[in-house]
Structure formats: structure tokens, C-alpha cells
Amino acid sequence: MSNIEDIVDSLENKISKVLHKLELLKLANSKLNEELEISKREIQSQKLVLAGWEEKYEALRIANSMLGSDDNKRETKLKINALIREIDHCIAQLAE
């Protein structure tokens, strides 16, 4: 009879250890999920900052071209032509 009791005690101990490890893993998983969400928010924020800087860079590049820089003259002319077409389209809509 003692042998069966020892086996049952051993099983109870092992089950207890497994359940404890399960709880620890659940806590670790929860923490990792929180860190993942924080990282995702930081990445999204950095993407917005990057987009802002790219827009500022493009505006500065066009402004430099207008000031006489030959580096991006063609692109500047294309941008100006696109703006003129857009203005003409707006004027046409207002005239209707």
C-alpha cells in the first residue's frame, strides 16, 4: 500500500510543479505580449516621424532647386507643372 501512496504523492508533486511552470510561462507570455505592443506603437510613431522628415527633405530639395541649384532642376520643373495643372483644374471647377 505504501508503494501506491508514494506513486500518488510523486504524481501530485509533479503535477504541482507542472502547474507552477505553466503559471510562470503564462506570466512571461503576458509580459512579452505587452512588450510587443509597446514596440509596435514605437515603430508606428517612428514611421510617422520619418514620413515628416522625408516630406521636409523633399520641400527643402525643391526649394534649393528653385534657388538655382542644378541638381534637381528637372524634378522641380515637373513639380511646378503638376501644381499648375492642379491649380488650373481647381479654377475650372470654380468656373462651372
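Up top is the structure.
Here goes a summary of the coordinates provided. (Residues numbered from 1 in each chain as written. Predicted model: local features only at pLDDT ≥ 70, side-chain atom pairs only at ≥ 80, totals over all residues. Heavy atoms only, no water.)

1. Let's talk about the pattern of salt bridges
- Taken as a whole and judged by the stated rule, the model has 1 salt bridge.
- Residue R61 pairs with E58 through a salt bridge whose shortest N-O separation is 2.6 Å. Of this pair, R61 and E58 both sit in helix α1 (residues 2–66), separated by 3 residues, roughly a single helical turn.
- Residue classification places R61 among the buried residues on the basis of a relative accessible area of 15%. (Salt bridge = Lys/Arg side-chain N within 4 Å of Asp/Glu carboxyl O. Helix = DSSP H or I, 4+ residues; strand = E, 2+ residues; numbered from the N terminus. Buried < 20%, exposed > 50% of the residue type's maximum accessible area, 1.4 Å probe, protein only.)

2. Quick word on a nonpolar patch on the surface
- On the surface, a cluster of nonpolar side chains totalling about 460 Å² of accessible area is made up of I7, L11, I15, L19 and L22.
- Topologically, L19 is positioned in helix α1. (Patch = residues over 30% accessible without salt bridge, like charges linked within 9 Å, V, L, I, M, F, W, Y side chains within 5 Å. Areas by Shrake-Rupley, 256 points an atom, 1.4 Å probe, with all protein chains shown as cover.)

3. Digging into the packing of α1 against helix α2 (residues 73–95)
- At a minimum axis separation of 9 Å, α1 and α2 run at an interaxial angle of 105°. Relative to α2, α1 is oriented roughly perpendicular. Contacts between α1 and α2 pair R61, I62, S65 and M66 from the former with K73, E75, T76, K79 and I80 from the latter.
- Across the contact of α1 with α2, the residue classes break down as 3 nonpolar, 2 polar and 4 charged. (Axes fitted to C-alpha atoms, helices over the stretch in contact; angles between N-to-C directions. Parallel < 35°, antiparallel > 145°, perpendicular 65-115°, else oblique. Contact = heavy atoms within 4.5 Å. Nonpolar A, V, L, I, M, F, W, Y, C, P; charged D, E, K, R; others polar.)

4. Focus on the packing of aromatic side chains
- Under the definition given, this model contains 0 aromatic pairs.
- Lying over the aromatic face of W53, K56 brings its terminal NZ or CZ to 4.8 Å of the ring centre. (Phe/Tyr/Trp six-rings, centres within 6.5 Å; stacked < 30°, edge-to-face > 60°. Lys NZ or Arg CZ within 6 Å of the ring centre and 35° of its normal.)

5. Comments concerning a negative patch on the surface
- A contiguous patch of negative charge, built from E5, D6, D9 and E12, is present on the exposed surface.
- Its location among the elements puts D9 in helix α1.
- Under the relative-accessibility criterion, D9 is labelled partly exposed at 41%. (Lys, Arg positive; Asp, Glu negative; His and termini not counted. Charge placed at Lys NZ, Arg CZ, Asp CG, Glu CD.)

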